[in-house]
Amino acid sequence: MNKFVVGIDIGGTRTKIGLVDLKIGKVLDLKIVPTETVDDRLFLKYIVKTVANLKLIVAETKAEIVGIGFGIPGFVFENGVVDSTYGFLEFMEDYPLKDIIQNTIGLPCLLDNDARCIALGEALYGAGKNSKRILVLTLGTGLGFGFVTNGKFETTLPYAHMGGHISIGHTTFKCYCGKQGCLESLVSATGIIASAKRLGWETKFPDLPLKVETIFEAEQQGNTIAVQIVSDFIAQLKTGIHNYINLFAPDIIVIGGGVSKGMKPYLERLSVDDFLKPYKNYHVNIVLSELDEHSGILGAAALFNS
Ligand SMILES: [Zn+2]
């Protein structure tokens, strides 16, 4: 009998629920809804309803669902208690999600940090599947950090989930975490848009929407402000990558998230040949995610692999 897992990727704005076949690493059915951040009853109601629908779909194929895996922003303890989402999901502070799901739905539940789940998805089913040391950077609203070795997390608990907040130099503006010069505050979509605002984008180009996609398009057409924004973005991201290489020596760095969708023209400029390597003949591939929306769902489901 085929066994499937439900993978749930809770993002700051959208929650993605997928039916996953772990054997082939594919999302067979996908639902996307706005993330419920305040009311736990509404959150739970939607999860219960969606899983019930998936159970019906699976029953028709004579397969079964064996568990539910969650990727959640913030710190998650091994016992399945969400310690803190740092204000992203109000109701989920100190929330015993694992017990609540198991008691309500009657299926085993596992959970981990969202960026770690994305990294696990990339390591097992995406660009990292032929590599041993996989670092995944998710450039979206923030900068998600996940590191996987030989198909597993290097630490049990997500201690490094704040890895986007490595500081790459003092700036005049503060990151929301309280420090200055955090990589996340510079190279995330939020950071790129803040950088455009500082350069007067809205006044200079009132007809061009203030979006990362628009900035990258304008750069390709030679818009000088956009060229400056992208040049800063590449330099900052490259410095961050150098730091991560010094700490983790990854074989591959996979860049995902909304920002990565427009990064193809800039990938070559991120190459890291010009500094002392962690060991002789060290080489790292820097690539863009090809799993797109599915990596977090696959990774959340793959928590049931180990
Ligand atoms: Zn920070």
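Reading the values: rules and limits
- Positions within a chain are numbered from 1, following the residues in the order the chain's sequence is written.
- This being a predicted model, a pLDDT of at least 70 is required before a residue's local features are given, and a value of 80 or more before pairs of side-chain atoms are given or counted; all residues contribute to the totals for chains, interfaces and linings.
- To obtain the side-chain values, all non-hydrogen atoms of the structure were used and water was disregarded.
- The donor set covers N, O and S atoms within 2.8 Å of the metal, switching to 3.2 Å for Na, K and Ca, and it leaves out water, so a site may look short of donors.
- Note on geometry labels: four donors, all angles 85 to 135 degrees, give tetrahedral; four donors become square planar and six octahedral when opposite donors are over 155 degrees apart and every other angle is between 65 and 115; remaining cases are irregular.
- What counts as a helix is a DSSP run of H or I of at least four residues, what counts as a strand is a run of E of at least two, and both are numbered from the N terminus.
- Only protein chains enter the accessibility calculation, which uses a 1.4 Å probe. A residue is then buried if its area is under 20% of the maximum for its type, exposed if over 50%, and partly exposed in between.
- Contact between two residues is taken to exist if any of their heavy atoms lie within 4.5 Å; hydrogens are not considered.
- A pair of strands is considered paired only if DSSP assigns at least 2 bridges between the two.
- Axes, fitted as lines to C-alpha atoms, cover a helix only where it is in contact. Angles between the N-to-C directions of the axes lie from 0 to 180 degrees.
- In this document the domain limits rely on a domain assignment from an automatic tool or a database.
- Buried area adds together the accessible area that both of two parts lose upon being put together, with accessible area traced by a 1.4 Å probe.
- A pair is scored as a salt bridge if a Lys or Arg side-chain nitrogen falls within 4 Å of a carboxyl oxygen belonging to Asp or Glu.
- A 3.5 Å cut-off defines polar contacts: any pair of N or O atoms within that distance qualifies, except that in protein one atom must be a possible hydrogen donor and the other a possible acceptor, and neighbouring residues in sequence count only when both atoms are side-chain atoms.
- Note on angle classes: values under 35 degrees are labelled roughly parallel, values over 145 roughly antiparallel, values of 65 to 115 roughly perpendicular, and the remainder oblique.
- Each crossing is labelled by how the near helix is turned from the far one, with a counterclockwise turn of less than a right angle marking it left-handed and a clockwise turn marking it right-handed.

Participant: How do you make sense of the coordination of the zinc ion when you look at a structure like this?
Facilitator: Note on metal geometry: ideal angles are 109.5 degrees for four donors arranged tetrahedrally and 90 or 180 degrees for six donors arranged octahedrally. Distances from the zinc ion to its protein donors, H165 (ND1), C175 (SG), C177 (SG) and C182 (SG), fall at 2.0 to 2.3 Å. Viewed at the metal, the 4 donor atoms of the zinc ion are separated by angles of 103 to 117°, and the geometry they form is tetrahedral. Donor residues for the zinc ion sit on one chain with the sequence pattern H-x9-C-x1-C-x4-C. Residue H165 is located in the loop between β10 (152–153) and α4 (184–187), and its partner C177 is located in the loop between β10 and α4; the two are separated by 12 residues in the primary sequence.

Participant: Before we go on, may I ask you to explain unusual backbone geometry in this structure?
Facilitator: Trans is the common state for peptide bonds, and a negative phi is the common state for residues other than glycine. Phi is positive for K62, close to 60°, though the residue is something other than glycine. Mapping K62 onto the fold places it in the loop between α1 (40–60) and β4 (64–72). Exposure remark for K62: the relative accessible area of 67% places this residue in the exposed category. For A249, which is not glycine, the phi dihedral falls at a positive 45°. With respect to the helices and strands, A249 occurs in the loop between α8 (224–248) and β11 (252–256).

Participant: Which parts of the structure should I look at to understand the environment of V51?
Facilitator: For V51, the location among the structural elements is in helix α1. Judged by relative accessible area, V51 falls into the buried class, the value being 1%. In the structure, V51 is positioned 22 residues away from P73 in sequence and 21 Å away in space, judged by C-alpha atoms. Here V51 is in contact with V6, I68, I105 and L107, once residues within four sequence places are set aside.

Participant: What should I look at first to understand the side chain of S84 in this one?
Facilitator: Tracing the backbone through its elements, the reader meets S84 in strand β6 (residues 82–84). S84 gets classed as buried once you look at its relative accessible area, which sits at 13%. Contact partners of S84, with chain neighbours within four places excluded, come to P73, G74, F75 and E93.

Participant: Hey, could you run me through the sheet that holds β4 in this one?
Facilitator: Working definition: the strands of a sheet are paired by backbone hydrogen bonds and lie parallel or antiparallel to each other. Across the sheet, 5 strands lie side by side as β3-β2-β1-β4-β7; this open sheet has mixed pairing. In this open sheet, the two strands that pair with only one neighbour each are β3 (26–34) and β7 (109–113). Sheet twist, expressed as the mean angle between neighbouring strand axes with direction ignored, is 20°. As judged from the 8 bridges shared by strand β2 (residues 14–21) and β3, these two strands associate in the antiparallel manner. Of the residues in β3, the one forming a bridge with R14 is P34. Against the sheet, α1 engages β1 (3–10), β2, β3 and β4, with an angle of about 145° to β4. Sheet strands touched by helix α3 (residues 114–125): β1, β4 and β7. Its angle to β7, the strand with the most contacts, is close to 100°.

Participant: Just to check I follow, could you spell out the domain arrangement of the protein for this structure?
Facilitator: Many analyses report the size of an interface as the accessible area lost when the parts associate. By domain assignment, the protein separates into domain 1 (3–120 + 294–305) and domain 2 (129–289). Between domain 1 and domain 2, the C-alpha centre-to-centre distance is 27 Å. On the side of domain 2, 15 residues touch domain 1, which itself brings 15 residues to the contact. The contact between domain 1 and domain 2 buries some 1,400 Å² in all, and 72% of this surface belongs to carbon and sulfur atoms. On the surface where domain 1 and domain 2 come into contact, there are 0 salt bridges. Summed over the shared surface of domain 1 and domain 2, the result is 2 residue pairs in polar contact (both at pLDDT 80 or more). Elements with a minimum of two residues in the side of domain 1 that touches domain 2: β5 (75–76), β7 and α3.

Participant: Just checking my understanding: could you explain the packing of α1 against helix α2 (residues 97–105) for this structure?
Facilitator: Helix packing for two helices is described by the angle between their axes and how far apart those axes are. Across the interface, α1 lies against α2 with an axial gap of 11 Å and an inter-helix angle of 50°. The angle between the axes of α1 and α2 places the two elements in the oblique class. Regarding α1 and α2, the two cross each other, and that crossing is right-handed. Contacts between α1 and α2 pair F43, L44, I47, V48, V51 and K55 from the former with L97, I100, I101, T104 and I105 from the latter.

Participant: Looking at this model, I keep getting lost on the pairing of strand β8 (residues 133–139). Mind explaining?
Facilitator: As a general feature of sheets, a regular strand has side chains that alternate between the two faces. Along β8, 6 of the 7 residues are buried, which leaves the element largely enclosed by surrounding structure. With 7 bridges joining them, β8 and strand β9 (residues 143–149) adopt antiparallel strand pairing. From the neighbouring strand, L137 faces β9, where its bridge partner is F145. Following β8, the chain reverses through 3 residues before pairing antiparallel with β9. Pairing of β8 with β11 involves 5 bridges; the strand directions are parallel. Bridge pairing in β11 places L135 opposite I253.

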